[in-house]
Amino acid sequence: MPLDLLPSVCPHDCPSTCALEVERLDHHKIGRVRGAAGQSYTAGVVCSKVARYAERHNHPDRLTQPLLRTGAKGEGRSAFAPISWSEALDRVAEKFLEAERRHGPEAVWPYFYAGTMGLVQRDGIQRLRHTKRYSGQLSTICVMLSDTGWVAGVGEKRGVDAREIAESDLVVVWGGNPVSTQVNVMTHITRARKERGAKLVVVDPYRTPTAQVADIHLMPRPGTDGALACAVMHELFRQGLVDRDYMARYTDCPAELETHVKARSPEWAAAITGVPADEIRAFAELYGRTQRSFIRLGYGFSRSRNGAANMHAVSCLPAITGAWRYKGGGALYSNAGFYGLDKTMIEGLDRRDPKVRILDQSRIGPVLTGDKRDLGEGPPITAMLIQNTNPMVVCPEGLKVRQGFLRDDLFVCVHEQFMTETAAMADIVLPATTFLEHDDIYLAGGHTYLQIARKIVEPLAEAKPNHYVICELAKRVGAEHPGFALSEWELIDQMLKASGKPSADALYAGRWHDCALPFEDAHFLTGFPQPGGRFRFKPDWKGMGPWHQGMPELPDHPQMIEEATAEHPFRLVAAPARTFLNSTFTETPGSRQREQRPTALLHPVDCERLALKEGDRVRLGNRRGSVVVHARPFDGLQPGVVIVEGIWPNGAFEEGQGINALIGADPGPPRGGACFHDTAVWVRAA
Ligand SMILES: Nc1nc2c(c(=O)[nH]1)N[C@H]1C(S)=C(S)[C@@H](COP(=O)(O)OP(=O)(O)OC[C@H]3O[C@@H](n4cnc5c(=O)[nH]c(N)nc54)[C@H](O)[C@@H]3O)O[C@H]1N2
Ligand SMILES: Nc1nc2c(c(=O)[nH]1)N[C@H]1C(S)=C(S)[C@@H](COP(=O)(O)OP(=O)(O)OC[C@H]3O[C@@H](n4cnc5c(=O)[nH]c(N)nc54)[C@H](O)[C@@H]3O)O[C@H]1N2
Ligand code: SF4
Ligand SMILES: [Mo]
């Protein structure tokens, strides 16, 4: 029987940020994890992988002590020997100081992402970076393209409260797969369907689990959503389903847009997207006739070279129909930008020097292999600290990433919960706590709550939180900042006070604090945070980033994708699997059983042409590399499209190199961003 049921918050990189109830079995072990019923967005639901978090938290392979590599890079646990924490930290500090002496502080690259979304444990590494003037990180791997595309029109990273979905008559899930990637969206959609008979439309290049339960599935070729959106706009104008009063008051150039989309008919879009013109017309009519229409925009459709343009094009729709005016109407991409938190102390922002170079996280392969486009005239990277991310698996141009980590003159310290493939390349590996073993605070993209969680079990063996590592290293490398002297709780409390929010204790006592904006503000009826308060059909791409060339003045289909060619006739989408979360949960038996093995979904027509049947080995490749997976004929996609869900470890592939070997690391316009779903490949029986 469980001893206790304790409150927590899911720390994973998922917009749902669920409020949790965790069974505590003893001082270390947990049992079942459930969604908190009292938090109105979580509403008692969590995904299956976190429901069985015990598999991960209590896993026999968790790292338990600091390790020093004594064997070859990449070999795994057997290549490491245990050392003490103080020796490990001394060695890391010594290497950092040595790099600094030889090349200057920019030779050190602290590298992190969102394995935990807790603001203290995730972002504290920035405080070390900024105080030491180590090389900066441009965080492009996930939200750069989508943020850019959304902010281009709307102005800020916020939108309508997702709970309003329950009051919608039409929900459009565009370029996301919430059944797999943020299940709670479905709770609110289900309510709207049950209580109001709402329709669900899904726009996705393949029949995902979300598309499977939709009323209508529009299935464009990957990277063509701008064309689809333009044809919908064309029809809205043609059929008179636009709100001219709304546009006159709240948008920048409706007349220009109307003229512009005249030439972008459903037939024009059908040729680009592969979606039949009649389906586009029918969808436009349904959308235009429904006042309470809610577009839930995902990240997936932004992971293309034209992804920011596509995100912007879709975000124009509610500004044309005026859906923003209505309860249950409008759109949401993310609310992560509206919390107004002052993170100066956590991140050491007061010490940030704008002259220090900033390196693109997604280009870690080129960076570590000495690409001058990244390093400029600056020093090579010779020392790294990595927390909360697994670049050997998750980054583009995987072969270059590996080549970079294999460098003899590169020192790497990885702080991890497991011996990931990145940890296996490190010189020193430090054991990390899980969210159940440390304190933190969380905001969310998918809802409006600030939530706080205290540790509920004791750290496993010698595992330590990220905050500990950062503060101990700071001491040893001579980094001085008041933030290094505060506990996690004090940092949280300081941030909350500086941001005019309730204290840490008060927030904890209430478990969560709803920061939802009033209706008028959330729906931008008080104006968009843009010049003149107007939504921009015509964004300032030039002001948004250096690679703005080719960005369309008005919504369009910019031809900047890695288009299929005679040599590379397939378009690859490397979408997330339902029971992995990025590279996390690839270690849990429940997830491994369900996902089985790396698999390519291919249209039956393509399978026939290539003489492939279920389970056959098939090689996918391009000029960056090639991988072997197993074929599965699937009629829920267009011919010429191939889907490989992941992110599987490299080691799950025959030749030890995973799907990201095929993905490009070139920065998505206009200001960077990884293009995981925009890859041309050839496909052959292997
Ligand atoms: N189970 C699970 N959950 C996750 C994750 C995971 O890996 N697994 N990852 C987490 C993270 S870090 C994030 S950022 C979110 C991402 O969650 P989502 O917003 O769902 O984004 P993606 O998962 O990248 O892709 C979602 C869908 O976009 C589709 N897509 C790809 N290209 C296009 C296109 O050109 N047009 C259109 N219309 N659709 C396209 C894909 O086929 C896929 O079904 O999910 C989080 N949740
Ligand atoms: N092919 C393909 N590649 C992709 C994507 C895709 O859709 N397709 N999606 C991309 C996206 S959107 C993202 S966000 C990235 C994500 O890529 P990653 O950031 O690598 O993703 P995660 O698996 O969420 O987290 C990585 C690690 O953080 C560790 N971790 C968790 N909590 C803590 C902690 O408190 N302390 C420490 N020290 N470590 C911790 C976990 O053990 C895990 O190994 O992947 C990208 N790569
Ligand atoms: S749905 Fe997302 S936030 Fe909720 S428990 Fe699962 S991974 Fe965590
Ligand atoms: Mo992500």
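Calculation notes
- Residues numbered from 1 in each chain as written.
- Chains lettered and ligands numbered in written order.
- Predicted model: local features only at pLDDT ≥ 70, side-chain atom pairs only at ≥ 80, totals over all residues.
- Heavy atoms only, no water.
- Pairing = 2+ DSSP bridges.
- Helix = DSSP H or I, 4+ residues; strand = E, 2+ residues; numbered from the N terminus.
- Axes fitted to C-alpha atoms, helices over the stretch in contact; angles between N-to-C directions.
- Salt bridge = Lys/Arg side-chain N within 4 Å of Asp/Glu carboxyl O.
- Buried < 20%, exposed > 50% of the residue type's maximum accessible area, 1.4 Å probe, protein only.
- Phe/Tyr/Trp six-rings, centres within 6.5 Å; stacked < 30°, edge-to-face > 60°.
- Lys NZ or Arg CZ within 6 Å of the ring centre and 35° of its normal.
- Near = heavy atom within 4 Å.
- Nonpolar A, V, L, I, M, F, W, Y, C, P; charged D, E, K, R; others polar.
- Contact = heavy atoms within 4.5 Å.
- Domains from an automatic or database assignment.
- Expected span 1.5 Å × (residues − 1).
- Arc of directions from axis to C-beta.
- Polar contact = N/O pair within 3.5 Å; in protein donor to acceptor, adjacent residues only side chain to side chain.
- Parallel < 35°, antiparallel > 145°, perpendicular 65-115°, else oblique.
- Left-handed = near helix turned anticlockwise from the far one by under 90°.

Peer 1: Is there a simple way to think about the sheet that holds strand β22 (residues 617-622) in this case?
Peer 2: Within a sheet, each strand pairs with its neighbour through backbone hydrogen bonds, oriented either parallel or antiparallel. Read once around its circumference, the closed barrel built from 6 strands follows the order β20-β24-β21-β23-β22-β25, with strand pairing classed as mixed. For this sheet, the mean inter-axis angle between neighbouring strands, taken without regard to orientation, is 45°.

Peer 1: What should I look at first to understand the pattern of salt bridges in this one?
Peer 2: When the charged atoms of two side chains with opposite charge come close together, those side chains can pair. For the structure on display, the rule yields 54 salt bridges. Note that Glu 654 and Arg 617 form a salt bridge whose closest N and O atoms lie 2.6 Å from each other. Here Arg 617 lies in strand β22 and Glu 654 lies in the loop between β24 (641-644) and β25 (679-685), a separation of 37 residues in the sequence. You can call Glu 654 partly exposed: its relative accessible area is 43%. When salt bridges with common partners are traced through the structure, they connect Arg 305, Glu 562, Arg 571, Arg 624, Asp 666 and Asp 678 into a single cluster.

Peer 1: I tried to follow the packing of aromatic side chains on my own but got confused; where do I start?
Peer 2: Within a pair of aromatic rings, the relevant descriptors are the distance that separates the centres and the angle that separates the planes. The full count for this structure, using the stated rule, is 21 aromatic pairs. An angle of 75° between the planes, with centres 4.8 Å apart, marks the rings of Phe 338 and Tyr 339 as edge-to-face. Summarising the burial analysis for this pair, Phe 338 and Tyr 339 share the class buried. Taken together, a centroid distance of 5.9 Å and an interplanar angle of 85° make the contact between Trp 489 and Tyr 508 edge-to-face. Of the two residues, Trp 489 sits in helix α22 (residues 488-498) while Tyr 508 sits in helix α23 (residues 504-510), which places them 19 residues apart along the sequence. Accessibility expressed as a relative area gives 11% for Trp 489, which makes it buried. One aromatic cluster is present, built from ring pairs that chain together Trp 150, Tyr 299, Trp 324, Tyr 333, Phe 524, Phe 528, Phe 535 and Phe 537. Over the aromatic face of Phe 585 sits the side chain of Arg 56, whose NZ or CZ is 5.9 Å from the ring centroid. Directly above the ring of Trp 682 sits Arg 684, whose terminal nitrogen or CZ lies 3.7 Å from the centroid.

Peer 1: Even after reading the chapter, I still don't get the site of ligand 3, so can you show me in this structure?
Peer 2: Around ligand 3, the surrounding shell consists of Cys 10, Cys 14, Ser 16, Thr 17, Cys 18, Val 46, Cys 47, Val 50, Val 183, Asn 184 and Leu 581. Among the residues forming the shell around ligand 3, the class breakdown is 8 nonpolar, 3 polar and no charged.

Peer 1: Just checking my understanding: could you explain the side chain of His 59 for this structure?
Peer 2: Here His 59 lies in the loop between α2 (54-57) and β4 (67-69). Discounting residues that sit within four places of it in the chain, His 59 has contacts with Ala 54, Phe 418 and Glu 587.

Peer 1: Just to check I follow, could you spell out the domain arrangement of the protein for this structure?
Peer 2: Many descriptions give the size of an interface as the accessible area lost when the pieces come together. Segmenting the protein into domains produces domain 1 (5-57), domain 2 (67-134 + 345-433 + 458-500), domain 3 (146-336 + 521-544) and domain 4 (570-685). Put simply, the middle of domain 2 and the middle of domain 3, counted by C-alpha atoms, are 39 Å apart.

Peer 1: When you look at the sheet that holds strand β14 (residues 383-387) in this model, what are you seeing that I'm missing?
Peer 2: The 6 strands lie next to each other as β5-β4-β16-β15-β14-β6, forming an open sheet whose pairing is mixed. Edge positions in the sheet fall to β5 (80-82) and β6 (108-112), since each of these pairs with one other strand and no more. Here the strands of the sheet are splayed against their neighbours by 20° on average, with no regard to which way each runs. Bridge count between strand β15 (residues 411-416) and strand β16 (residues 428-431): 4 bridges; the pairing is parallel. Bridge pairing links Glu 416 to Pro 431 in β16.

Peer 1: Just to check I follow, could you spell out helix α13 (residues 277-289) for this structure?
Peer 2: One turn of the α-helix equals 3.6 residues, which is why residues spaced by three or four share an orientation. The end-to-end C-alpha distance of α13 is 18 Å, a good match for the 18 Å that 13 residues give at a rise of 1.5 Å each. When α13 is considered as a whole, its buried residues turn out to be Ala 277, Ile 280, Phe 283, Ala 284, Tyr 287 and Gly 288. With its buried residues spanning 125° around the axis, α13 presents them on a single face. Opposite the packed face of α13, turned more than 90 degrees from it, sit the exposed residues Asp 278 and Arg 289.

Peer 1: Sorry, what's going on with helix α7 (residues 184-196) here?
Peer 2: If you check α7, its first and last C-alpha atoms are 18 Å apart, about what 13 residues at 1.5 Å a residue would give, namely 18 Å. Where α7 is concerned, the buried positions are Asn 184, Val 185, Met 186, Thr 187, His 188, Ile 189 and Ala 192. Those residues of α7 hidden inside the fold are in contact with β8 (170-174), α6 (178-181), β9 (199-203), α8 (209-212) and β11 (293-297). In the stretch just after α7, Gly 197 is the one whose phi turns positive, near 65°.

Peer 1: Honestly, the site of ligand 1 in this entry has me stumped. Any pointers?
Peer 2: If you check the shell around ligand 1, you find 30 residues, and the closest are Asp 204, Gly 223, Asp 225, Tyr 299 and Phe 580. Here an oxygen atom of ligand 1 sits 2.8 Å away from a polar atom, N or O, in the side chain of Thr 181. The separation between an oxygen atom of ligand 1 and a polar main-chain atom of Gly 300 is 3.0 Å. Taken domain by domain, the shell around ligand 1 gets at least three of its residues from each of domain 3 (146-336 + 521-544) and domain 4 (570-685).

Peer 1: What's the story with the packing of helix α9 (residues 225-238) against helix α14 (residues 307-315) in this structure? I'm lost.
Peer 2: For any two helices packed against each other, the geometry comes down to the angle between their axes and how far apart the axes lie. One can describe the packing of α9 onto α14 by two numbers: an axis separation of 8 Å at closest approach and a directional angle of 20°. In this view, α9 runs roughly parallel relative to α14, as classed from their interaxial angle. The crossing of α9 and α14 is left-handed. Two secondary-structure elements touch here, α9 through Asp 225, Gly 226, Ala 229 and Met 233 and α14 through Asn 310, Ala 313 and Val 314. Split by residue class, the contact of α9 with α14 holds 4 nonpolar, 2 polar and 1 charged.

Peer 1: Looking at this structure, I do not really get the pairing of β9. What am I missing?
Peer 2: Within a regular beta strand, the side chains point alternately toward one face of the sheet and then the other, so they alternate between its two faces. Buried residues dominate β9, accounting for 4 of its 5 residues. One ladder, built from 5 bridges, connects β8 with β9; its direction is parallel. Residue pairing in the sheet places Val 171 in a bridge with Leu 200 of β9. Here β9 pairs with strand β10 (residues 216-218) via 3 bridges, running parallel. Paired with Val 203 across the two strands is Leu 218, which belongs to β10.

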